[in-house]
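Coordinate inspection notes
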Amino acid sequence: MSSEIYRELILDYYRNPRNFGKVEPHDISARDSNPLCGDEIEIQVRVTPEKKIGEIKFTGKGCAISQASASMLTEFAKGKPLEWVKELSKEDIFKLLGTRDLGPARVKCALLSMKVLKTGTYSYLGAKLEDGQDS
Ligand code: FES
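Below or above, wherever it landed, is the structure these notes cover.

**Quick notes on the layout of surface pockets**
In this structure, the largest pocket occupies an estimated 190 Å³ of space. Here the element with the most residues in the lining of the largest pocket is helix α1 (residues 3–15); it accounts for five residues. Here the residues of the lining of the largest pocket are counted per class, giving six nonpolar, two polar and two charged.

Written out as structure tokens, the structure is:
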């Protein structure tokens, strides 16, 4: 696809975000902001008994790339095992966005939602380990 089509796709996700909102009740909730601009992403997840991502939604405010990548990530992550989140890489995010042709500031925008999902998942898994429920 041409970069024009990818740009259109990013704008479409920005204007019509999929999975925008809150998950109630949720098992995972995390938020973070991009220090360069203050834009924010919050992600909430309900975990299935099989330790998969059952429901996942995001809220936030910010640029098209940060919001579109969060929306794309929620679609991509739904149904995946929590362990999969550990393997998630910036290459996956670039693939979702359809481009890796981003300046350094924009890379932070693109990766913000991945950071939030990882932070929330790691602390959930850590909390479960501490509870002794993860055996
Ligand atoms: Fe703030 Fe992109 S400019 S996240």
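From this point, the discussion proceeds with the structure in view.
**Observations concerning the environment of A68**
Residue position: A68 is located in helix α2 (residues 64–77). Residue classification places A68 among the buried residues on the basis of a relative accessible area of 0%. Separated by 53 residues in sequence, A68 and R15 place their C-alpha atoms 8.5 Å apart. With near-sequence residues (within four places) excluded, A68 lies in contact with I10, Y13 and Y14.

**Some thoughts on the pattern of salt bridges**
Evaluated as defined, the whole model comprises eight salt bridges. K22 serves as the salt-bridge partner of E42, at 3.1 Å between the closest nitrogen and oxygen. One end of the pair, E42, is in strand β2 (residues 40–47); the other, K22, is in the loop between α1 and β1 (28–33), with 20 residues separating them in the sequence. Between R31 and E42 there is a salt bridge, with its nearest N and O atoms 3.1 Å apart.

**Structural notes on helix α4 (residues 90–97)**
Along α4, the residues that are buried comprise D92, I93, F94 and L97. Phi for G98, located one or two positions after α4, is positive at around 80°.

**Side note on the packing of α2 against α4**
The relative placement of two packed helices is expressed as an angle between their axes plus a distance between the axes. Direction vectors running N to C along α2 and α4 enclose 105°, while the axes themselves pass 10 Å from each other. For the element pair α2 / α4, the angle class is roughly perpendicular. Across the interface between the two elements, I65, S69, M72, L73 and F76 from α2 touch D92, I93, L96 and L97 from α4.

**Examining the nonpolar core**
Counting 36 residues, the largest nonpolar core has I43, V45, I65, L97 and L117 as its most contacted members. Per-element tally for this core: the top contributor is helix α5 (residues 104–131), with nine residues. Look past the residues within four positions of I65 in its chain and what remains in contact with it is I10, L97, L102, R106, C109 and A110.

Scoring rules and cut-offs
Residues numbered from 1 in each chain as written. Predicted model: local features only at pLDDT ≥ 70, side-chain atom pairs only at ≥ 80, totals over all residues. Heavy atoms only, no water. 1 Å grid on protein atoms, 1.4 Å probe; cavity = no way out; pocket = protein on both sides within 12 Å on 5 of 7 lines; lining within 4 Å. Points joined across faces, edges and corners; volume = space filled by probe spheres on them. Helix = DSSP H or I, 4+ residues; strand = E, 2+ residues; numbered from the N terminus. Nonpolar A, V, L, I, M, F, W, Y, C, P; charged D, E, K, R; others polar. Buried < 20%, exposed > 50% of the residue type's maximum accessible area, 1.4 Å probe, protein only. Contact = heavy atoms within 4.5 Å. Salt bridge = Lys/Arg side-chain N within 4 Å of Asp/Glu carboxyl O. Axes fitted to C-alpha atoms, helices over the stretch in contact; angles between N-to-C directions. Parallel < 35°, antiparallel > 145°, perpendicular 65-115°, else oblique. Core = buried A, V, L, I, M, F, W, Y, C linked by side-chain atoms within 4.5 Å.

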